[in-house]
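In case you want the letters, here they are:
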Amino acid sequence: MDEHSFTTTLSVAASPAETFAAINDVRGWWSRDVDGITDEVGAEFDYRGNQDGVNLHRALIRVTDLVPGERVVWHVVDNWMAFIDDQREWTDTRIVFEITPTAEGSEIRFSHLGLVPSYECHDVCVDAWTFFVQVSLRDLIGTGRGEPMERLASAQPTAS
């Protein structure tokens, strides 16, 4: 593993099976604006990161490894961010969730392998991942309700 990649760890009062299920509920903690299957190996999903009604981030992500109660791994196939120049920054990176049972429940070690300090998006992405993993995913596991980004509203016909 690249020592410069982003990693964060958290402990939750939930079994590894419950933790695994929550991680795979991507719409429940990361973004409601996700199309595709997020919990089958080989499946791909389109992620969109929206803020204040504007799409700032899109990524095509392939699920490459699922070991129930132990591990979830995604491969970023394609990526676009409105706020950076080099659109390849996330492409071919891996997002890994490792789950370890503890006496109190589970420990999650989240890593974005390839998200390195030299990337223009690094600080923004680290802040975002920290929120979505340490707050939103933790809340989804603990309370059943995360804080994902909302889906952009479709254009509505105007009344005449």
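Reading the values: rules and limits
- Residues numbered from 1 in each chain as written.
- Predicted model: local features only at pLDDT ≥ 70, side-chain atom pairs only at ≥ 80, totals over all residues.
- Heavy atoms only, no water.
- Pairing = 2+ DSSP bridges.
- Helix = DSSP H or I, 4+ residues; strand = E, 2+ residues; numbered from the N terminus.
- Core = buried A, V, L, I, M, F, W, Y, C linked by side-chain atoms within 4.5 Å.
- Buried < 20%, exposed > 50% of the residue type's maximum accessible area, 1.4 Å probe, protein only.
- Contact = heavy atoms within 4.5 Å.
- Salt bridge = Lys/Arg side-chain N within 4 Å of Asp/Glu carboxyl O.
- Phe/Tyr/Trp six-rings, centres within 6.5 Å; stacked < 30°, edge-to-face > 60°.
- Lys NZ or Arg CZ within 6 Å of the ring centre and 35° of its normal.

Peer 1: Can you walk me through the pairing of strand S4 (residues 54-67) in this structure?
Peer 2: Bridging between strand S3 (residues 44-51) and S4 involves eight bridges; their strand directions are antiparallel. Bridged to Phe45 within S4 is Ile61. What sits between S3 and S4 in their antiparallel hairpin is a turn of two residues, with Asp52 showing a positive phi close to 55°. In terms of strand pairing, S4 meets strand S5 (residues 71-81) through 10 bridges, oriented antiparallel. The residue bridging Ile61 from the neighbouring strand is Val76, located in S5.

Peer 1: Explanation requested: the nonpolar core in the structure shown.
Peer 2: Taken as a class, soluble globular proteins show a tendency for nonpolar side chains to be buried jointly. One finds Trp29, Trp30, Phe45, Trp74, Trp90, Phe97 and Trp129 to be the most contacted residues of the largest nonpolar core, which totals 39 residues. The greatest single-element share of this core, amounting to eight residues, is contributed by helix H3 (residues 122-143). For Phe45, the residues in contact, after removing those within four places along its chain, are Val26, Trp30, Val34, Asp35, Gly36, Ile37, Thr38, Ala59, Leu60, Ile61, Val63 and Trp74.

Peer 1: Is there a simple way to think about the pattern of salt bridges in this case?
Peer 2: Opposite charge on two side chains makes pairing possible when the charged atoms of those side chains draw close. Evaluated as defined, the whole model comprises nine salt bridges. Salt-bridge contacts for Asp33 lead to Arg48; the nearest nitrogen and oxygen are separated by 2.8 Å. Placement of Asp33 in the loop between helix H2 (26-29) and strand S2 (34-36) and of Arg48 in strand S3 is noted, with a sequence separation of 15 residues between them. Overall, Asp33 belongs to the buried group, its relative accessible area being 3%. When the shortest N-O distance is used, the salt bridge between Arg48 and Asp35 registers 2.4 Å. Separated by 13 residues along the polypeptide, Arg48 in strand S3 and Asp35 in strand S2 bring together distant segments of the chain. Residue classification places Asp35 among the partly exposed residues on the basis of a relative accessible area of 33%. Taken together, the salt bridges that share partners define one network made up of Asp33, Asp35, Arg48 and Arg151.

Peer 1: Sorry, what's going on with unusual backbone geometry here?
Peer 2: With the exception of glycine, most residues fall at negative phi, and the peptide bonds are largely trans. With a phi close to 55°, Asp52 is a non-glycine residue in the positive phi region. Relative to the elements of secondary structure, Asp52 occurs in the loop between S3 and S4.

Peer 1: Mind showing me how you'd approach the packing of aromatic side chains here?
Peer 2: One pair of aromatic rings is described through two measures. These are the centre distance and the angle between the planes. Taken as a whole, this structure holds 12 aromatic pairs when the rule is applied. Between Phe45 and Trp74, the ring centres sit 5.3 Å apart and the planes meet at 80°, which makes this aromatic pair edge-to-face. Taken together, the residues span a long stretch of sequence, with Phe45 in strand S3 and Trp74 in strand S5 at a distance of 29 residues. Here Phe45 and Trp74 have matching classes, each one buried. Every member of this aromatic cluster is reached through a ring pair, and the members are Phe6, Trp29, Trp30, Phe45, Tyr47, Trp74, Trp90, Phe97, Phe110 and Trp129. A cation over a ring is seen here: Arg58 above Trp80, with NZ or CZ 4.5 Å from the ring centre.

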